[in-house]
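Residue strings, one per chain:
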Amino acid sequence: MHIAEGFLPWQWCLFWYIVALPVIAYGIIQIKRVTDEHPESKPLLAVSGAFIFILSSLKLPSVTGSCSHPTGTGLGAVLFGPAAVSVLAAIVLVFQALLLAHGGITTLGANDFSMGIVGPFAAWLIWKGARKIGWSSSLAIFIAAVMGDWLTYVTTAVQLSLAFPIPTFEAAFVKFIAIYAYTQVPLAIAEGILTVVVFEYIMKLRPDILVKLGVIKSEDPEIVKARTEAV
Amino acid sequence: MVNKRAILLLSLVAVIVIFPLAFYNGKGEEQGYFGGTDDQGPQYIESTGYTPWFHSLWEPPSGEIESLLFAVQAAIGAIIIGFVFGYYTGQSKERKRKLESNEKID
């Protein structure tokens, strides 16, 4: 999903910066607030960022015969909300743009919009919705992470089709979806499973922080069970 | 204590990743397999006649250096997760130990 350096006309680079920056600014405020209120959530914030670091560095083979990488943003979105993840994703994207020539500074706004905003926002919404209709936390975070990952790539396809509607937006979209979205399906599922593994560990070891962050309600039967087991 | 569920789930991830490698076994980059989608996008855009107006400030000079930096990125993430989870596991063991010794005193 990394749009390479210089591969968006400057007007679009500017546009996506203008869209992404307020969210990142809000995310910074939100991170400050949550770490002030609950200092014990800092290690989990580090884990969320670290998870994005690992997953976005792994270029995995897919059944379509090309390689792509997961995003790792679903976990942070569920724990801290999408705005906070836009900040974490921006850190990763800057690292990759400067040191790996992967993505770019000019396309940072666009890449943060897909990976740090649309994906995490979708994941967060799906998590909330799935929990509301009574799905287990593991299943809910699985679907949330899968869709967050996949929609990130769909967003990239949309962004590129908007910038290069050749010959038309629809035709370009079909082309870019073919490049990005099909390859991503199995990788998104892999990301979903990894997210479940990490989330279940957090649930087992520190269910108290999940309650404080408001991820899970304290009267939730899963939390009650995890708490008696974790002591 | 071995977490069987985690191992099962991680094995499933391994299957998802290994399957394409087995399926397209023997085919490589020369036949157009296992290239990155992040490269295919720009290739297609260039084929429409677009030339990028800005280039990366710095590029890894070779594939070796690039894989070094990708490995460093993954290692940074892995060490943080390992540290936090190790710390949490130690905490939870200590809590259990204290609780058990309290029960003995009672």
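Residues numbered from 1 in each chain as written. Chains lettered and ligands numbered in written order. Predicted model: local features only at pLDDT ≥ 70, side-chain atom pairs only at ≥ 80, totals over all residues.

Concerning the overall build of chain B
Part 1 of the reasoning: Looking only at helices and strands, one finds three helices and zero strands in chain B.
Part 2 of the reasoning: Radius of gyration (C-alpha) of chain B: 24 Å, far over the 13 Å computed for a compact globule of 106 residues.
Part 3 of the reasoning: Seen through its C-alpha atoms, chain B measures out along the principal axes to roughly 80 × 40 × 25 Å.
Part 4 of the reasoning: Among the 106 residues that make up chain B, the fraction classed as buried is 11%. (Helix = DSSP H or I, 4+ residues; strand = E, 2+ residues; numbered from the N terminus. Rg over C-alpha atoms; globule rule 2.2 N^0.38 Å. Buried ≥ 20, exposed ≤ 12 C-beta atoms within 10 Å, placed from the backbone.)

Thoughts on the overall build of chain A
Part 1 of the reasoning: Helix and strand content of chain A: nine helices and two strands.
Part 2 of the reasoning: Helices and strands appear in chain A in the N-to-C order α-α-β-β-α-α-α-α-α-α-α.
Part 3 of the reasoning: Against the 2.2 N^0.38 benchmark of 17 Å for 231 residues, chain A shows a C-alpha radius of gyration of 18 Å, consistent with a compact globule.
Part 4 of the reasoning: Over its C-alpha atoms, taken along the principal directions, chain A stretches across nearly 60 × 35 × 30 Å.
Part 5 of the reasoning: Each of the 231 residues in chain A was classed as buried or not, and the buried ones make up 59%.

Focus on helix α6 (residues 137-163) of chain A
Part 1 of the reasoning: When the terminal C-alpha atoms of α6 of chain A are compared, their 38 Å separation across 27 residues agrees well with the 39 Å that a helix rising 1.5 Å per residue should span.
Part 2 of the reasoning: Where burial is concerned, most of α6 of chain A is hidden: 22 out of the 27 residues are buried. (Expected span 1.5 Å × (residues − 1).)

Thoughts on the packing of helix α3 (residues 73-80) of chain A against helix α4 (residues 82-99) of chain A
All names here are of chain A.
Part 1 of the reasoning: The N-to-C vectors of α3 and α4 enclose an angle of 140°; their axes lie 7 Å apart at closest approach. If you check the angle between α3 and α4, you find them oblique. As α3 packs across α4, the resulting crossing turns out to be right-handed. Contacts between α3 and α4 involve Thr73, Gly76, Ala77 and Phe80 on the former and, on the latter, Pro82, Ala84, Val85, Leu88 and Ala89.
Part 2 of the reasoning: Grouping the amino acids of the contact of α3 with α4 by side-chain chemistry returns seven nonpolar, two polar and no charged. (Axes fitted to C-alpha atoms, helices over the stretch in contact; angles between N-to-C directions. Parallel < 35°, antiparallel > 145°, perpendicular 65-115°, else oblique. Left-handed = near helix turned anticlockwise from the far one by under 90°. Contact = placed C-beta atoms within 7 Å. Nonpolar A, V, L, I, M, F, W, Y, C, P; charged D, E, K, R; others polar.)

Observations concerning the interface of chain A and chain B
Part 1 of the reasoning: The interface is formed by 53 residues belonging to chain A together with 52 residues belonging to chain B.
Part 2 of the reasoning: Of all the secondary structure elements, the ones that give two or more residues to the side of chain A that touches chain B are α2 (42-55), β1 (60-61), β2 (67-68), α4 and α7 (169-205) of chain A.
Part 3 of the reasoning: Among the elements that make up the side of chain A that touches chain B, the one with the highest residue count is α7 of chain A (14 residues).

Overview of helix α3 (residues 63-105) of chain B
Part 1 of the reasoning: For α3 of chain B, built from 43 residues, the straight-helix expectation of 63 Å at 1.5 Å per residue is met to within 8% by its first-to-last C-alpha distance of 63 Å.
Part 2 of the reasoning: Where α3 of chain B is buried, its residues contact α2, α4 and α7 of chain A.

Quick notes on the environment of Trp10 of chain A
Part 1 of the reasoning: Tracing the chain through its elements places Trp10 of chain A in helix α1 (residues 10-37).
Part 2 of the reasoning: We classify Trp10 of chain A as exposed; it has 11 C-beta atoms within 10 Å.

Topic: unusual backbone geometry
Part 1 of the reasoning: Cis geometry marks the peptide bond from Ile166 of chain A to Pro167 of chain A; its omega dihedral reads -5°.
Part 2 of the reasoning: The backbone of Ala101 of chain A sits at a positive phi, close to 50°, despite the residue not being glycine.
Part 3 of the reasoning: Residue placement: Ala101 of chain A occurs in the loop between α4 and α5 (108-132).
Part 4 of the reasoning: Although it is not a glycine, Phe34 of chain B adopts a positive phi angle of roughly 60°.
Part 5 of the reasoning: With respect to the secondary-structure elements, Phe34 of chain B resides in the loop between α1 (4-23) and α2 (37-47).

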